[in-house]
Structure formats: structure tokens, C-alpha cells
Amino acid sequence: GAVVSQHPSRVICKSGTSVKIECRSLDFQATTMFWYRQFPKQSLMLMATSNEGSKATYEQGVEKDKFLINHASLTLSTLTVTSAHPEDSSFYICSAREGASGGAGSTQYFGPGTRLLVL
Amino acid sequence: KNQVEQSPQSLIILEGKNCTLQCNYTVSPFSNLRWYKQDTGRGPVSLTIMTFSENTKSNGRYTATLDADTKQSSLHITASQLSDSASYICVVSGQAGTALIFGKGTTLSVSS
């Protein structure tokens, strides 16, 4: 199956610093990538939808100036958490969609996640 | 409101036993339903995907069923193994271009 990688797998940073997380589709081109956040024992919550070459679409309540998303190529999207604070500590998961939007032929492949701890 | 509800919230079974997880949804229009397995600290991995016309789909010891009329799905795990311990998430896709709707998952613990 298709593989999506994330880097780093975990990161610890000081409050006020910025952290960049990379998401790559390794063996397919992903026109659309998604960024999710997951708190302990909670379901995945969609943060934003990223389309290659255009601005990301953010979900309600997600600060676009705090969570910067860049989708510069069909295989790479990045999420930058700017001026991170302890409440930003979470598990961040990206996914990449292969195939047409929404149909049975399209599948979202999830990355392994990035654990962010802000001290 | 589009929702996906899963039950039970958590489940503990002995190794070798079978179990069934439930998923009810109110998403409309409906495109497809997927079951994912998420190990602790890892991203979700797809187990099955079913469209409106499919009633059952198997993937090894995992068998998913779908009743599009009652908007219910189940995931049956046969002869459970310790490695089956994980969170199982039911995800429903609505019409094209809309976001996936995630259930909160069922946490399965398989003990020896």
C-alpha cells in the first residue's frame, strides 16, 4: 500500500519556539494532504486541508497564523507550529489522498504521527 | 448533523477469542465507510473500505459488515492476538469533497 512518512516522529521544544513537521507521500502524488491533531484518548480532529500550490483551508477554530501549512509539491506538505505553547502539545498526524476526491477509489493514507511536547 | 458513533468505548478480551465492534453513523449522503486500526503512538492504518453496495469485506482475521439501510457497520475480529490491541476507528466519507467523519474509536485490549 501507499506510504506516508512524517518527520520528526517526536519533538520536544521550549515554549515560544517554532516547530516544523514534514509529511511526505513516498510512492504516490498527493494533490491533497490533511493535517490532524489528536489528544489522548480522543479521535482525530481535522485541522486543515492542504492542496498543492494553493492556500490551505483551515477548520473552524484553528489559527492559520499559528499553524502554517505549506504544500509546495505533490509529495510534501509541512506544518509549522509557530510560537508553540504547552497547550499545543499533541499528536499531529498527516494524511495524503490518492485518487479522486471522496469516491471509493480514493483512499487517505495516514502518516505515523509526530508527538510534540512543548515545555 | 453528520456523526459517527462507536461502541463499546473499550473492550478487554482474552487472546484467541472473537469480538465485534459496532459503528453507527448519520452521515448523509454516504460515500463509503472505512475501518482503521491505530496502534498507540502511531497513525491509523486502513483495514477495510466499503461502499454503499457492499455488505461485507474481509481482510485476514478482520471482517467488516455494512448495512446502509440502518446505517450500521461492524468489525469482527476472529481468533484475537495480542497484537490486535489497539484503537479501532470507524470513518465515514460523505459526498465528494467533504471531510471524513471520524468515530471516537474503540480501544481493544487483548490479554494472555
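Shown above is the structure to which this text applies.
Residues numbered from 1 in each chain as written. Chains lettered and ligands numbered in written order. Predicted model: local features only at pLDDT ≥ 70, side-chain atom pairs only at ≥ 80, totals over all residues. Heavy atoms only, no water.

This next bit is on the interface of chain A and chain B. If you look at the interface, chain A gives 19 residues, while chain B gives 21 residues. Overall, the association of chain A and chain B removes approximately 1,400 Å² of surface from exposure, summing both partners, and the carbon and sulfur fraction of that is 55%. Run the count over chain A and chain B and you get zero salt bridges. Taken together, the connections running from chain A to chain B amount to four residue pairs in polar contact (both at pLDDT 80 or more). Top element by residues in the side of chain A that touches chain B is strand β10 (residues 107-110) of chain A. It accounts for three residues. For the side of chain A that touches chain B, the class distribution of residues is eight nonpolar, ten polar and one charged. (Contact = heavy atoms within 4.5 Å. Buried area = accessible area lost by both parts, 1.4 Å probe. Salt bridge = Lys/Arg side-chain N within 4 Å of Asp/Glu carboxyl O. Polar contact = N/O pair within 3.5 Å; in protein donor to acceptor, adjacent residues only side chain to side chain. Helix = DSSP H or I, 4+ residues; strand = E, 2+ residues; numbered from the N terminus. Nonpolar A, V, L, I, M, F, W, Y, C, P; charged D, E, K, R; others polar.)

The next subject is the state of the cysteines. Counting across every chain of the model gives two disulfides over all chains. Two residues share a disulfide in this structure: Cys23(A) and Cys94(A), whose sulfurs sit 2.0 Å from each other. Judged by the sign of its S-S torsion, about 75°, the cystine formed by Cys23(A) and Cys94(A) is right-handed. Taken as a pair, Cys23(A) in strand β3 (residues 19-25) and Cys94(A) in strand β9 (residues 90-98) lie far apart in primary sequence, 71 residues in all. Taken as a pair, Cys23(A) and Cys94(A) share a single burial class, namely buried. The residue that forms a disulfide with Cys23(B) is Cys90(B), at a sulfur-sulfur distance of 2.0 Å. Classification of the bridge connecting Cys23(B) and Cys90(B) rests on its S-S torsion, roughly -70°, and on that basis the disulfide is left-handed. Of this pair, Cys23(B) sits in strand β3 (residues 19-25) while Cys90(B) is found in strand β9 (residues 86-93), placing the two residues 67 residues apart along the sequence. Judged by relative accessible area, which is 0%, Cys23(B) ranks as buried. Note on Cys13(A): no disulfide assigned, nearest cysteine sulfur contributed by Cys94(A) at a separation of 18 Å. According to the relative accessible area criterion, Cys13(A) is buried, its value standing at 10%. Here Cys19(B) stays unpaired: no disulfide links it, and the sulfur of Cys90(B), its closest cysteine neighbor, is 15 Å away. (Disulfide = S-S within 2.5 Å. Buried < 20%, exposed > 50% of the residue type's maximum accessible area, 1.4 Å probe, protein only.)

This part covers the nonpolar core. Taken as a class, soluble globular proteins show a tendency for nonpolar side chains to be buried jointly. Trp35(A), Phe67(A), Leu79(A), Tyr92(A) and Leu116(A) are the most contacted members of the largest nonpolar core, which has 25 residues in total. Setting aside anything within four residues of it in sequence, one finds Phe67(A) in contact with Arg37(A), Met47(A), Tyr58(A), Val62(A), Leu79(A), Thr80(A), Val81(A), Asp88(A) and Tyr92(A). In this structure, Met50(B), Ile77(B), Cys90(B) and Val92(B) belong to the second largest nonpolar core, which totals 24 residues. (Core = buried A, V, L, I, M, F, W, Y, C linked by side-chain atoms within 4.5 Å.)

All names here are of chain A. Read from one edge to the other, the open sheet built from four strands follows the order β1-β3-β8-β7, with strand pairing classed as antiparallel. One side of each edge strand has no neighbouring strand; the edge strands of this open sheet are β1 (4-7) and β7 (67-73). Adjacent strand axes in the sheet meet at a mean angle of 15° when their direction is disregarded. (Pairing = 2+ DSSP bridges. Axes fitted to C-alpha atoms, helices over the stretch in contact; angles between N-to-C directions.)

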